[in-house]
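As a plain string of letters, each chain reads:
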Amino acid sequence: MLSKIFLLKRKKSNDLTNLDIYSYPEDIDKKDNKDIVLKIIQGHDQESLENNCCDNLKSEHVVKSTQTTSHPFVIGNPVSQLIGDQNLYTICINGELLIGLVFEKEDNPYDYREIFVDMSNELLNIEKCCSFKDDIAIENFLITLFIDIKRFGDETLEKAHDVSFHPSGLFTKVFLFGIDEVGKSSFTRRIKTGKFNDNFFTPSKRFNIEYIQRKNGLFSIWTVPGQAFFRDRWLRGLQDSNILVFMIDVANQLRFEESKTEFWKLFNQNEFKGVSLLILGNKIDLINHNNSNNDEQLKRTEKEIIDFFEFDSLQHNNWEFVFTSVKTSYNIEKVVNTIFTLV
Ligand SMILES: Nc1nc2c(ncn2[C@@H]2O[C@H](COP(=O)(O)OP(=O)(O)OP(=O)(O)O)[C@@H](O)[C@H]2O)c(=O)[nH]1
Ligand SMILES: [Mg+2]
């Protein structure tokens with residue numbers, strides 16, 4: 001959650017010790033200010049630290065060029081920094097001013113990137129609400145920006161944690177989740193394009209949404225980024241899913257415990273009553289089975305996995321377990337058909 005906003009304005013150019021500091025709703029801690037300010041500026045411009053603090057940003061990507069004035073405010077790219085225990089997100093305006101957002105530790109400032117840039121641009125270049133010449137105008141500008149960004153956080157980001165399932169009925173939404181490297185992106189790519197890359201190592205950094213068309217219908221598949229850092233965000237993609245698909249890498253038993261923890265963490269946070277669940281035991285090609293009693297062996301492995309993950313305690317969901325290999329395409333089309341059947 002956004003806790004504070006501040007603005008730094010130099011009284012004289014090139015003098016970093018002589019700053020006007022504005023903040024809302026509370027004063028920012030003045031104790032280590034100089035140090036923090038230096039670090040913030042360093043984050044914006046590595047080369048000319050004391051010399052025209054964020055000048056380089058003037059040449060950076062300029063956001064929005066719809067301004068009609070001849071002297072629009074140039075809004076730099078926001079920079080995220082953790083300084084001490086301060087989670088800061090700062091933006092440089094015209095290479096002269098810094099506006100900073102202070103977040104709580106667990107917040108991800110990048111969730112606020114668009115709103116921060118867009119609102120700054122709207123207030124400064126479209127509504128022209130502040131020229132930074134007098135204190136009252138600056139304070140009003142800060143308060144407006146703070147309220148708008150905070151409202152976005154409260155209404156859009158925080159609220160998304162209340163997951164409900166009211167699918168639109170227009171098409172099926174499949175939510176594919178699981179820890180990193182189990183093969184989620186490879187699976188989506190396989191069913192979308194038919195292709196597979198061995199040793200394809202591109203950990204996902206955001207939700208990926210693909211539309212899959214088959215003769216029995218269309219569905220969208222939302223694939224989560226699996227690395228630990230992103231797992232808190234999984235809930236945000238869940239809204240209105242028709243079916244949950246959980247993927248495990250059956251060849252990596254060392255990570256079963258972690259995988260199980262993440263599964264139940266998500267399930268215990270929500271009422272998923274009545275939502276169908278498909279569990280994929282992927283990378284089955286990596287498990288060497290004695291061919292003569294392959295089916296029997298597979299059944300035993302399946303039972304071991306179900307017992308380990310305690311899937312039998314899923315009382316309120318219609319669920320199914322399927323072994324897959326995205327690499328060899330084993331059961332891949334079966335999974336697609338099962339998705340349609342379970343929905
Ligand atoms: N042998 C084998 N390798 C697979 C299979 N599916 C995926 N892989 C490989 O596993 C690795 C990880 O696959 P990804 O699809 O990137 O995994 P992910 O679950 O999307 O990972 P994150 O994006 O970090 O959450 C890649 O090197 C894939 O080539 C499979 O069925 N068999
Ligand atoms: Mg991925």
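Conventions used here
Residues numbered from 1 in each chain as written. Chains lettered and ligands numbered in written order. Predicted model: local features only at pLDDT ≥ 70, side-chain atom pairs only at ≥ 80, totals over all residues. Buried ≥ 20, exposed ≤ 12 C-beta atoms within 10 Å, placed from the backbone. Helix = DSSP H or I, 4+ residues; strand = E, 2+ residues; numbered from the N terminus. Arc of directions from axis to C-beta. Contact = placed C-beta atoms within 7 Å. Core = buried A, V, L, I, M, F, W, Y, C linked by C-beta atoms within 7 Å. Pairing = 2+ DSSP bridges. Axes fitted to C-alpha atoms, helices over the stretch in contact; angles between N-to-C directions. Near = placed C-beta within 6 Å. Nonpolar A, V, L, I, M, F, W, Y, C, P; charged D, E, K, R; others polar. Expected span 1.5 Å × (residues − 1).

### Some words on helix 9 (residues 332-342)
Thinking step 1. Those residues of helix 9 that fall on the buried side of the exposure criterion are Ile 332, Val 335 and Ile 339. Along the long axis of helix 9, the arc covered by the buried residues comes to 50°, so they all point the same way. Residues of helix 9 that are exposed and angled more than 90 degrees away from the buried face: Glu 333, Lys 334, Asn 337 and Thr 341.
Thinking step 2. Tucked into the core, helix 9 has its buried residues touching strand 6 (172-177), helix 5 (184-193), strand 8 (217-223), strand 9 (243-249), strand 10 (276-282) and strand 11 (319-323).

### Considering the environment of Asn 216
Thinking step 1. Relative to the helices and strands, Asn 216 is located in the loop between strand 7 (208-214) and strand 8.
Thinking step 2. Considered as a pair, Asn 216 and Phe 340 are 124 residues apart in the sequence and their alpha carbons are 7.6 Å apart.

### Observations regarding the nonpolar core
Thinking step 1. Of all hydrophobic cores here, the largest spans 35 residues; its most connected members are Val 174, Phe 175, Leu 176, Val 245, Phe 246 and Met 247.
Thinking step 2. Of all the elements in the fold, those that place two or more residues in this core are strand 6, helix 5, strand 8, helix 6 (234-238), strand 9, helix 7 (256-269), strand 10 and helix 9.
Thinking step 3. Ranked by residues supplied to this core, first place goes to strand 9 with 6 residues.
Thinking step 4. Among the nonpolar cores identified, the runner-up in size contains 31 residues, and Val 74, Tyr 89, Ile 93 and Leu 101 belong to it.

### Concerning unusual backbone geometry
Thinking step 1. A cis amide bond links Tyr 24 to the next residue, Pro 25, at an omega of -5°.
Thinking step 2. Looking at where Pro 25 falls in the secondary structure, it is placed in the loop between strand 2 (19-24) and helix 1 (33-44).
Thinking step 3. Here the phi dihedral of Lys 128 falls at roughly 45°; this positive angle occurs in a residue that is not glycine.
Thinking step 4. The topology assignment puts Lys 128 in the loop between helix 3 (113-126) and helix 4 (135-158).
Thinking step 5. Assessed through the 12 C-beta atoms surrounding it within 10 Å, Lys 128 is described here as exposed.
Thinking step 6. Unlike most non-glycine residues, Glu 181 shows phi in positive territory, near 70°.
Thinking step 7. With respect to the helices, strands and loops of the structure, Glu 181 is situated in the loop between strand 6 and helix 5.

### Some remarks on the sheet that holds strand 11
Strand pairing in a sheet relies on backbone hydrogen bonds. The paired strands run either parallel or antiparallel.
Thinking step 1. Strand order across the open sheet formed by 6 strands is 7-8-6-9-10-11, with mixed pairing between neighbours. Across the chains shown, the open sheet's two edge strands, defined by having one partner strand only, are strand 7 and strand 11. Averaged over neighbouring strand pairs, the angle between their axes works out to 25° when direction is ignored.
Thinking step 2. Taken together, the 5 bridges between strand 6 and strand 8 define a ladder with parallel strand orientation. Paired with Val 174 across the strands is Ile 221, a residue of strand 8.

### Brief notes about the sheet that holds strand 2
Thinking step 1. Strands sit in the order 2-1-5-4-3 across an open sheet of 5 strands; the sheet is antiparallel. Looking along the sheet, the strands with just one partner apiece sit at the ends: strand 2 and strand 3 (79-83). Each strand of the sheet is rotated relative to its neighbour by a mean of 25°, with strand direction disregarded.
Thinking step 2. Two strands pair when backbone bridges link them, and strand 4 (residues 86-93) and strand 5 (residues 97-103) are joined in this way by 7 bridges, in the antiparallel orientation. Bridging from a neighbouring strand, Ile 93 pairs with Leu 97 of strand 5.
Thinking step 3. The strands that helix 1 touches are strand 1 (2-10), strand 2, strand 3, strand 4 and strand 5; relative to strand 3, the one it contacts most, it runs at about 145°.

### Some details on the pairing of strand 8
Thinking step 1. Both strand 7 and strand 8 contribute to a ladder of 7 bridges, which runs antiparallel. By the bridge assignment, Tyr 211 is partnered in strand 8 with Ser 220.
Thinking step 2. Between the antiparallel neighbours strand 7 and strand 8 lie 2 residues.

### Structural notes on the site of ligand 1
Thinking step 1. Around ligand 1, a shell composed of 25 residues is seen, among which Asp 180, Gly 183, Ser 185, Ser 204 and Gly 226 lie nearest.
Thinking step 2. Per-element accounting of the shell around ligand 1 gives the leading share, 3 residues, to helix 5.
Thinking step 3. Classifying every residue of the shell around ligand 1 gives 7 nonpolar, 11 polar and 7 charged.

### Quick word on the pairing of strand 6
Thinking step 1. In terms of burial, strand 6 is largely enclosed, as 6 of its 6 residues are buried.
Thinking step 2. What you see with strand 6 is no split at all: Thr 172, Val 174 and Leu 176 on one side and Lys 173, Phe 175 and Phe 177 on the other are buried throughout.
Thinking step 3. Taken together, the 4 bridges between strand 6 and strand 9 define a ladder with parallel strand orientation. Paired with Phe 177 across the strands is Phe 246, a residue of strand 9.

### Structural notes on helix 8 (residues 294-309)
Thinking step 1. Spanning 16 residues, helix 8 covers 22 Å between terminal C-alpha atoms, matching the ideal 22 Å at 1.5 Å per step.
Thinking step 2. Looking one or two residues past helix 8, Glu 310 carries a phi angle of roughly 60°, positive in sign.

### A word on the environment of Thr 223
Thinking step 1. Looking at the secondary structure, you find Thr 223 in strand 8.
Thinking step 2. We classify Thr 223 as buried; it has 25 C-beta atoms within 10 Å.
Thinking step 3. Separated by 16 residues in sequence, Thr 223 and Phe 207 place their C-alpha atoms 5.5 Å apart.
Thinking step 4. Among residues more than four places away in sequence, those in contact with Thr 223 are Leu 176, Lys 184, Ser 185, Thr 188, Ser 204, Phe 207 and Asn 208.

Take it as geometry only, folks, not as evidence of what the structure does.
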